[in-house]
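Working through the structure, step by step
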Amino acid sequence: MIKAILIFNNHGKPRLSKFYQPYVSTPPPPIRSEDTQQQIIRETFHLVSKRDENVCNFLEGGLLIGGSDNKLIYRHYATLYFVFCVDSSESELGILDLIQVFVETLDKCFENVCELDLIFHVDKVHNILAEMVMGGMVLETNMNEIVTQIDAQNKLEKSEAGLAGAPARAVSAVKNMNLPEIPRNINIGDISIKVPNLPSFK
Amino acid sequence: MALKMVKGSIDRMFDKNLQDLVRGIRNHKEDECIDEIKQELKQDNIAVKANAVCKLTYLQMLGYDISWAAFNVVEVMSAPKFTFKRIGYLAASQCFHEGTDVIMLTTNQIRKDLSSPSQYDTGVALTGLSCFVTPDLARDLANDIMTLMSHTKPYIRKKAVLIMYKVFLKYPESLRPAFPRLKEKLEDPDPGVQSAAVNVICELARRNPKNYLSLAPLFFKLMTSSTNNWVLIKIIKLASDLLFGALTPLEPRLGKKLIEPLTNLIHSTSAMSLLYECVNTVIAVLISLSSGMPNHSASIQLCVQKLRILIEDSDQNLKYLGLLAMSKILRTHPKSVQAHKDLVLQCLDDKDESIRLRALDLLYGMVSKKNLMEIVKKLMMHVDKAEGTAYRDELLTKIIDICSQSNYQHITNFEWYISILVELTRLEGTRHGHLIAAQMLDVAIRVKAIRRFAVSQMSALLDSAHLVASSTQRNGICEVLYAAAWICGEFSEHLQEPQRTLEAMLRPRVTTLPGHIQAVYVQNVVKLYAAILQQKEQAGDSQAAQEATQLLVERLPQFVQSADLEVQERASCILQLVKHVQKLQAKDMPVAEEVSALFAGELNPVAPKAQKKVPVPEGLDLDAWINEPLSDSESEDEAPKAIFHDEEQRPAKQRPPEADEQELARRREARKQEQANNPFYIKSSPSPQKRYQDTPGVDHIPVVQIDLSVPLKVPGKWMPMSDQYVKLEEERRHQQRLEKDRKRKKKRERERRGTRRHSSLHTESDEDIAPAQRVDIVTEEMPENALPSDEDDKDPNDPYRALDIDLDKPLADSEKLPVQKHRNAETSKSPEKEDVPVVEKKSKKPKKKEKQHKEKERGRGKKEAAGRGEDLDFWLSTTPPAAAPAPEEPGVKASVTAPEEEREEPQGEEQAADEGEQDPEKKPSKHKKKKHKKDKEERPKDKKKSRKKASREGAAEPVENGALDEEPLPPMSSYCLLAENSYIKMTYDIQGSLQEDSRVTVSMVLENQSSSFLKSMELNVLDSLNARLARPEGSSVHDGVPVPFQLPPGISNEAQFVFTIQSIVMAQKLKGTLSFIAKNDEGSTHEKLDFKLHFPCTSYLITTPCYSDAFAKLLESGDLSMSSIKVDGISMSFQNLLAKICFHHHFSVVERVDSCASMYSRSIQGHHVCLLVKKGEKSVSVDGKCNDSTLLSNLLEEMKGTLAQC
């Protein structure tokens, strides 16, 4: 089982978090699951970020994500860490390949994916992930199949928007007009994630 | 500027989307954002709401609590448009959990979405549900999801299959009803669905492997046929789970079977992940096999070698995994891993912490008596080098773990261990001070011979100042002072200079220590004091005794002022005591006896679970009142008075009964005897330390002279001392070896002189190393008649325990999944509605019928279970049946004769028994044993036997069970005569095999009717276009297939042949010949027997259970063609009639109502065949539906033949 999937950047800012297990602390006082989740993200970042580039991609889970059975499997692409927390029923190398498939799929869906894509379209990233992993279990590993389903859903969404979507589109067009007064407040580098050519899974 | 204003108003008119939110947050305006979202949620426009919810999802990721918007999330979930629905479900999956109360509002909405015509609506609902399913949702929706498992779209099917695991977890009752369908999905045409089913079953089997053992053949087939690496990895992992699942391997034969395909995969795959998992499972197999078979050490070695290559790889990931796999071998084969100690130690130097930790794990299992000192020395060096405290702490715990494992098994020299512990106290800033302390205490208490040394070390620790200084940190190293003080106090008789230690313990700086340590100090000061008094009084030195008292009187007040209550209380109590003693001393009265009486008696270690294991004596009710509770009317001050009075009469401290002199002598004698027999015991070396032998109870401890080449005190400022022990130990071992060699030589000479020669080989093994001290490791005390149980390790709250369900048991009526009934009007279109009347109708039925029905079902289930068990046994048997997929040997498989089997192993006997039961009618009383078995089997209540009943026979059983009042069914056998001559009689039966498409197995029983010996039997068949005999590889179509046994006179045996069938819609006939050599006293002749093999369409059917809902769906689907027959003049009861159809035509009853029954079967090529059998007055009509009309009409024709005989 995959217990959680986390994506955060080099500074530990979460870009996506998906927990397949409720992390609500049981002993009183009850801690909100959001707080626990943030703690887990921080802890994981702390564990992962201090590791060198050329060490192995596995490490024993932190205290919160817990249990000797669990393991963190991660990959580091450009500015982002992709971390999967899994238990012993998952194959370590298999999950590494899955991360690769995930990133390649993102790359395909966003066309040269970069951190900004993940920030502004986190819902889309969730949708892509939902086609790969469901409830903590791997659903699909074939990239073409995933992309097909995503495309079909996007098409469905577009057709639904139809006329009703017109004003919204107009609004966003107006909003995105290049007004000189709008401060450019995007301050992270637009570095696209380079997907290295690793031996693909299939 | 104008443009900007326009834009602003539009912004207000329409909402801000996610992108804006992100920008807003970047400008640090979170609160504003949330206010805006709250505004948007109040609007009626669903698009605005959805947008707001989308933004909330983003905020949730950043750690904001959005549970207040849960109701809005539900609103968006129920939006008709997919776009919004998706947003809603995503938000729900991110923030809903079991405590969210609006979840119960979603049940109907989710049900509606699940049955939505759009596959993406369904998909999104399934995805969302998988994250927030609760026990209630699981119960209410289980049936809907189960229906979706047979959806036409694979996209839905795979999601539905996956989510079932979550449903099982939350609602374990659903597992048994859903399992058959889940199993079916393992063979789904879509690889994605297949993979999902494998996934779910793997998760289930991981927790409760034994329930899934019966699926092994199916998984085996997938393993050899699948090309999807994910599926393969999962299956291979499952295999190792099945092997490792219990402490003892569940099924040893499974392992043997697995080796071959696994090695094939290892050779063929290019994916490293798959390769690794294969190696891993091969290891598991070898480990599980090794218990029974001796010569697997070579294979283990091979695996270890392979892993070594992985570990030496430059890829850190492979290195890590190699070490991980190595630790698995370690558990059972520590010796083969120990050879690679160098490599593991090398990994300790790796820069990668994950790898270092793995290597440490390995070390734990690699130590032996021989190398412990060396390894620990190496680890100590790492402790010095390690900079991060986390890793250093890890090292520390590992050192302690390694040394203390299995009751200090590997420690030969406890002095060395104590000095290691003392060295570890140098670690500043560790969090494991208490661990070291616990070890010191444990060793000092349990190893009596070491106490003297321990006390000397501990007093040095107490003396040194640096530990006290580090008292600020909680659980810090100062914890060891707790142990040191206690040891010095408790075993004060061993102290060299008790006064000095006493002074050290009363220093003012001690008051800076944590309270609990001070408390121990105070208590043990008195123990020391008692020892000093005793010593001085014996020496007649009353001056020194009074000095000691004076010291205490002066120093104790500093503890009396302590803020810690415990310390304060103890100190003031003791201060008064000492003052009293002082008064007595002034009168020159001897006090030592009385003071030391305070601490008389031995302390023994007690096992941590001892209290729990005390059995409650019979007749004792712990909950009952001992005395009736006092009524209020009684005066309140009376009772306490009585208690007080009681207490007074008791002596202050009970001294243990004086050791019974006789008993003591007896024990001493026994121990001496034991020591004399023990070759490792160093026999009474003259010891100068006679002094402490005087104390009663300790004198039997063998005393070894402490080698004074190692200074007793900790020298200077923390010089590592353990190294010297290592050197000493080496010398000692060398000496020992020399001595042993000398002895051996003498022995050999003696042997040579004697007539017989002893050829035992002497090798230096681990066990040859004698411990330096004869250590008497005191075992932990357990109460008398403690109940041995390991139950207490199980966590009663483990959610997976609920899933430990026997899947082979038949389904009871009560186990049906709850189906939604009326109440919700909006789901009237959904299929569940049809079930409602059925349920109601059932309840109206007379009770008797219901019972009968239930019984029948149970019977059927039993048959299924029996069949399944049979399958597995058959599949695992050493002589593989025709279904075995190994391509090299498709030709002939024969089961071995029963006596032969008996010789092999016990499990073979069982199989032989099974075989005996398979065709009892055909060979009555050939073997006495078989007959005996058969007799037994006929006893209806013999449960064990009925389980074992062959499926063919068993088919008749359920009906017998269900209809006890009706006439018994005549015995049935599906074996029919093939050909016969004076030499041999051939009977045969045809079975479709589940394992391989389009293959059938012909089981042929050959019976020698002559007095000749029949050998070199060969079977040949003239293949037709449609049916071919599977021959061994490399032989031509004209070659015969040899029968793998010979027949002595009067013996029968069964051989199996596999045929490949192209089209199964028509019956087939094949001509064939059996040739053999008949040998008798007069000579041998070559003989032939021709036969015609008839394959009826029935033989292509496989008994497959089917549930009524699936059956109904099948009939509704409309792609089945229909045909019917009617047979008149039937006298047999309907019950028996059904049994006959079940038995001869491989059908199973789906449902039976009065004199009408629906039946189902499936062909080896996947055709569904449904029957509706109705019984009239004297006639029976059968309506059939099937995918193939030709097949159906042929089947019905055959059935007509069967029924005509009734």
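Residues numbered from 1 in each chain as written. Chains lettered and ligands numbered in written order. Predicted model: local features only at pLDDT ≥ 70, side-chain atom pairs only at ≥ 80, totals over all residues. Heavy atoms only, no water.

Chain B appears in an unreviewed UniProt entry as AP-3 complex subunit delta-1 from Camelus dromedarius. For chain B, the Sequence similarities (unreviewed entry) comment in UniProt is given as "Belongs to the adaptor complexes large subunit family." (UniProt positions renumbered as here; feature names shortened; annotations may be inferred.)

Chain A carries the name AP-3 complex subunit sigma-1 in an unreviewed UniProt entry, which gives Camelus dromedarius as its organism. In the Sequence similarities (unreviewed entry) part of its UniProt record, chain A is described as follows: "Belongs to the adaptor complexes small subunit family."

**Let's talk about the overall build of chain A**
A count of helical and extended segments in chain A gives six helices and seven strands. When the 202 residues of chain A are sorted by exposure, 55% land in the buried category. Accessible area of chain A: about 8,800 Å², with a carbon and sulfur share of 55%. (Helix = DSSP H or I, 4+ residues; strand = E, 2+ residues; numbered from the N terminus. Buried < 20%, exposed > 50% of the residue type's maximum accessible area, 1.4 Å probe, protein only. Areas by Shrake-Rupley, 256 points an atom, 1.4 Å probe, with all protein chains shown as cover.)

**Details of the overall build of chain B**
Scanning chain B from terminus to terminus reveals 49 helices and 16 strands. Within chain B, residue pairs in contact and separated by at least 24 positions form 71% of the contacts whose partners lie at least 6 positions apart. Accessible area of chain B: about 59,400 Å², with a carbon and sulfur share of 52%. (Contact = heavy atoms within 4.5 Å.)

**So, the pairing of strand β8 (residues 1052–1061) of chain B**
All names here are of chain B. The element β8 is largely enclosed, with a buried count of 10 among its 10 residues. Both faces of β8 are covered, namely the face carrying Ser1052, Glu1054, Gln1056, Val1058 and Thr1060 and the face carrying Asn1053, Ala1055, Phe1057, Phe1059 and Ile1061. Across nine bridges, the pairing between strand β4 (residues 999–1008) and β8 is antiparallel. Pairing of threonine 1001 across the sheet is with valine 1058, part of β8. (Pairing = 2+ DSSP bridges.)

**Observations concerning the side chain of Lys158(B)**
Inspection of the secondary structure assignment puts Lys158(B) in helix α10 (residues 154–170). A polar side-chain atom of Lys158(B) sits 2.6 Å from a polar atom in the side chain of Glu140(A). Filtering out sequence-adjacent residues up to four positions away, Lys158(B) remains in contact with Leu139(A), Glu140(A), Glu145(A), Gly192(B), Val193(B) and Ala196(B). (Polar contact = N/O pair within 3.5 Å; in protein donor to acceptor, adjacent residues only side chain to side chain.)

**Some thoughts on the pattern of salt bridges**
Per the stated rule, a full pass over the model turns up 35 salt bridges over all chains. Connected through salt bridges with shared partners, the residues Lys3(A), Asp87(A), Glu203(B) and Arg206(B) form a single ionic network. (Salt bridge = Lys/Arg side-chain N within 4 Å of Asp/Glu carboxyl O.)

**Some words on unusual backbone geometry**
Positive phi outside glycine occurs at Glu111(A), with the angle close to 55°. Assignment of secondary structure puts Glu111(A) in the loop between α2 (92–110) and α3 (115–120). A positive phi angle is found at His1146(B), which is not glycine, with a value near 60°. Summarising the element assignment, His1146(B) is placed in the loop between α48 (1134–1145) and β13 (1148–1153).

**Regarding the interface of chain B and chain A**
Counting from both sides, the interface comprises 73 residues of chain B and, opposite them, 75 residues of chain A. Surface buried jointly by chain B and chain A totals about 6,800 Å² across both partners, of which 56% is contributed by carbon and sulfur atoms. Our count for the contact surface shared by chain B and chain A stands at seven salt bridges. A salt bridge links Glu145(A) to Lys158(B), with the shortest nitrogen-to-oxygen separation between them at 4.0 Å. At the boundary of chain B and chain A, one finds 29 residue pairs in polar contact (both at pLDDT 80 or more). Residue composition of the side of chain B that touches chain A, grouped by class: 31 nonpolar, 19 polar and 23 charged. (Buried area = accessible area lost by both parts, 1.4 Å probe. Nonpolar A, V, L, I, M, F, W, Y, C, P; charged D, E, K, R; others polar.)

**A short note on a nonpolar patch on the surface**
All names here are of chain B. Taken together, the side chains of Phe71, Met104 and Leu105 make up a nonpolar region of the molecular surface, amounting to roughly 350 Å² of accessible area. Inspection of the secondary structure assignment puts phenylalanine 71 in helix α5 (residues 70–77). By relative accessible area, phenylalanine 71 is classed as partly exposed at 47%. (Patch = residues over 30% accessible without salt bridge, like charges linked within 9 Å, V, L, I, M, F, W, Y side chains within 5 Å.)

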